[in-house]
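Each chain, letter by letter, is given below.
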Amino acid sequence: MTENRIKIALTKGRVEKQILPLLDKAGIDCEQIKQKKRRLIFDSPKQPYEFILAKGPDVTTFLERGAADIGIVGSDILTEHRSTQYELLDLKTGQCQFVLASTKDFDPDEPRRKIIGTKYPNITKKYFDSLGQDVEIIKIEGSVELAPLTGLADAIVDITETGTTIRENNLKIYDYLDKVSTRLVVNRMSLKQHSKEIYTLVDKLEGVVTK
Ligand code: PRP
């Protein structure tokens, strides 16, 4: 039994919060995660699953290195980190969208080299490349909205879910980029070794994903 346990790397925070009700609905025991404090690894005692809670970019690293069999992670992270892992399911939770945003006096058409703050430099570069614009990109780790508010950057490329952060900080959306949702990805070697267990899990989840 032990060797057939499936290690699932789950992105902590927003992704985790929104996926737990779906796991519940699919009959996957995630009681231990719900009762966690500072623990990082959780068992589903009667099922062959073990959950590892990690930050999104680290979920892709665990998968790439084979330290996890399955990853539950946002498509924003997969795209930014150019993950080559095999995507089996769009879980349709964690839905948000990339936007270009700034203060209300920002002029996106002003003909000068702009400074853009973001947690997603690759996605940002691709977006401005598609517009034929060369920009300077500043990598920011969190609270990206601070960048245009403090003069650190002219604008930001970031994800928005409810729009609350943008609204409460008096920012404005200037363009809409790709949509984002939580995906189930799998390490290819694990899929060969544990195909039965992995497809059983995928089938359970597929049955409860919002159509
Ligand atoms: C994300 C994003 C925005 C916020 C948008 O940050 O970077 O800051 O959520 O959400 P909203 O549209 O619902 O207000 P997150 O909360 O993941 O944390 P971070 O800023 O520390 O990265």
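Residues numbered from 1 in each chain as written. Predicted model: local features only at pLDDT ≥ 70, side-chain atom pairs only at ≥ 80, totals over all residues. Heavy atoms only, no water.

Looking at the sheet that holds strand 5 (residues 86-90)
Okay, so step 1: Overall, mixed pairing links the six strands, which are arranged 2-3-1-4-11-5 in an open sheet. Each edge of the open sheet is held by one strand with a lone partner, namely strand 2 (41-44) and strand 5. Put simply, the sheet's adjacent strands are angled 25° from each other on average, direction ignored.
Okay, so step 2: Note that strand 1 (residues 6-11) and strand 4 (residues 70-74) share three bridges and pair parallel. (Pairing = 2+ DSSP bridges. Helix = DSSP H or I, 4+ residues; strand = E, 2+ residues; numbered from the N terminus. Axes fitted to C-alpha atoms, helices over the stretch in contact; angles between N-to-C directions.)

Section: the UniProt feature "domain: ATP phosphoribosyltransferase catalytic" (unreviewed entry) in the protein
Okay, so step 1: Mapped onto this numbering, the UniProt entry gives "domain: ATP phosphoribosyltransferase catalytic" (unreviewed entry) at residues 57-207.
Okay, so step 2: Between the end C-alpha atoms of residues 57-207 the distance is 28 Å, and the span holds 34% helix and 31% strand. (UniProt positions renumbered as here; feature names shortened; annotations may be inferred.)

Focus on the site of the ligand
Okay, so step 1: If you check the shell around the ligand, you find 13 residues, and the closest are Arg14, Lys119, Asp158, Thr162 and Thr165.
Okay, so step 2: Contact between the ligand and arginine 14: an oxygen atom at 2.6 Å from a side-chain N or O atom of the residue.
Okay, so step 3: When the free accessible area of the ligand is taken as 500 Å², the share hidden by the protein chains comes to 72%.
Okay, so step 4: Contributions of two or more residues to the shell around the ligand are made by strand 9 (155-160) and helix 7 (164-168).
Okay, so step 5: The dominant element in the shell around the ligand, judged by the number of residues it contributes, is strand 9, at three residues.
Okay, so step 6: Of the residues belonging to the shell around the ligand, the class tally is one nonpolar, seven polar and five charged. (Near = heavy atom within 4 Å. Polar contact = N/O pair within 3.5 Å; in protein donor to acceptor, adjacent residues only side chain to side chain. Areas by Shrake-Rupley, 256 points an atom, 1.4 Å probe, with all protein chains shown as cover. Nonpolar A, V, L, I, M, F, W, Y, C, P; charged D, E, K, R; others polar.)

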